[in-house]
Amino acid sequence: MSKIAFVFPGQGAQYTGMGKDFYENYDRAKEVFAIANKVSGLSMEELIFQENENLHITKYTQVAMLTVEIAILKVLQEKGIYSEVNAGLSLGEYGALVASEVLSVHDALELVVKRGAFMQEAVPTGGAMTAVMGLSNDVIEKVCSEAEGIVSVANYNCPGQTVITGEVEAVNKAAEKLKEAGAKRCIPLKVSGPFHSKMLEEAGKKLAQELEKVKVEEIKTPYITNVTADYVTDKNQVKDLLERQISSSVRWQQSVERMVKDGVDTFIEIGPKKTLTGFLRKIAPEAKGYNVETIADLEKLVEVLG
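Rules behind the numbers
- Residues numbered from 1 in each chain as written.
- Predicted model: local features only at pLDDT ≥ 70, side-chain atom pairs only at ≥ 80, totals over all residues.
- Heavy atoms only, no water.
- Pairing = 2+ DSSP bridges.
- Helix = DSSP H or I, 4+ residues; strand = E, 2+ residues; numbered from the N terminus.
- Axes fitted to C-alpha atoms, helices over the stretch in contact; angles between N-to-C directions.
- Contact = heavy atoms within 4.5 Å.
- Phe/Tyr/Trp six-rings, centres within 6.5 Å; stacked < 30°, edge-to-face > 60°.
- Buried < 20%, exposed > 50% of the residue type's maximum accessible area, 1.4 Å probe, protein only.
- Lys, Arg positive; Asp, Glu negative; His and termini not counted.
- Salt bridge = Lys/Arg side-chain N within 4 Å of Asp/Glu carboxyl O.
- Polar contact = N/O pair within 3.5 Å; in protein donor to acceptor, adjacent residues only side chain to side chain.

Thoughts on the sheet that holds strand 10 (residues 288–292)
Right, on to step 1. An order of 2-1-9-10 is seen for the four strands of this open sheet, with the pairing classed as parallel. Each of the sheet's edge strands pairs with one partner strand only, and the pair in question is strand 2 (85–88) and strand 10. Between one strand axis and the next, the sheet turns by 20° as a mean value, whatever way the strands run.
Right, on to step 2. Running at roughly 130° to strand 9 (residues 266–270), helix 4 (residues 58–78) makes contact with strand 1 (4–8), strand 9 and strand 10 of the sheet.
Right, on to step 3. Seen against the sheet, helix 13 (residues 295–305) touches strand 1, strand 9 and strand 10 and runs at an angle of roughly 145° to strand 10.

Take a look at the structure:
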């Protein structure tokens, strides 16, 4: 028997029309959209299915992505497909929390509406992120620690791909040093802020106040947090970890390695594009990876899992 992990992508994978066929064909998906509309005061149908610039603005992107991820999750579960462990990259961790029944759909969406707004407000300008290709994490961490200004690792995505974050000048100078140290490429990312840097600590504090209003349930299915790349065993740790996650490194590579070590051999990416499935090929090429972003993908998965 396969040991299955559900994994949920983060911001950046969004596109107009994502999740539309699930919305049009499954009542469970429509129900999630209805909750998101109520919680956000927006029309998710307009935001996600009609061409507009808002879909790429953080405070809208995050709730749009999570709405689609949960809508697809609910259809998967309706089809009898469940996981033994869950994880998500950055924003995607909220999808994992819903899959593990730690947060209700309503509370997860409500938190992400606030999270997106707080992250955007925290650093409206003055931050940057750059993907560093083909260099070891040890070297990247050393260059960041020696740099002037604020710069640190945002994402450990997979072997050969790490993202740095922080102040524009500090990130640019670190990128030059990393090229000198042997990086194949340093690619500036089109983002609206220095996500997962200490410049976002204020956003984390604001989120902590919102988390106080939310009920955290017992963890039904194990899930792994970005902050430690380890299982969360006590529900009382969840709120603190979500606060810290905004300004901490996303340890995605380490999270996948942990799941593989524990016998996970099948990863199902729930949501738009195939970013995490691509990372998986570099982290654990022996593992099976599937992504579900359309009904056709779901049908193939049902066939494969038998």
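Considering the packing of aromatic side chains
Right, on to step 1. Applying the stated criterion across every chain yields a total of four aromatic pairs.
Right, on to step 2. Ring geometry for Phe 33 against Phe 49: centres 5.5 Å apart, planes inclined by 25°, an arrangement best described as stacked. With Phe 33 in helix 2 (residues 27–40) and Phe 49 in helix 3 (residues 44–49), this pair connects stretches of sequence that are 16 residues apart. This pair shows no difference in class: Phe 33 is buried, exactly as Phe 49 is.
Right, on to step 3. Taken together through their ring pairs, the aromatic side chains of Tyr 23, Phe 33 and Phe 49 make up a single cluster.

A short note on the pairing of strand 1
Right, on to step 1. Most of strand 1 is tucked away: five of the five residues are buried.
Right, on to step 2. Residues Ile 4, Phe 6 and Phe 8 point to one face of strand 1 and Ala 5 and Val 7 to the other, with burial holding for every one of them.
Right, on to step 3. Strand direction decides the pairing type here: strand 1 and strand 9, joined by four bridges, are parallel. Each bridged residue has a counterpart across the sheet, and for Ile 4 the counterpart in strand 9 is Thr 266.

Overview of the side chain of Glu 269
Right, on to step 1. Of note, Glu 269 is situated in strand 9.
Right, on to step 2. Lacking a salt bridge, the buried Glu 269 has Arg 281 as its closest oppositely charged neighbour, with an N-O distance of 8.1 Å.
Right, on to step 3. A polar atom in the side chain of Glu 269 sits 3.4 Å from the backbone nitrogen of Thr 275.

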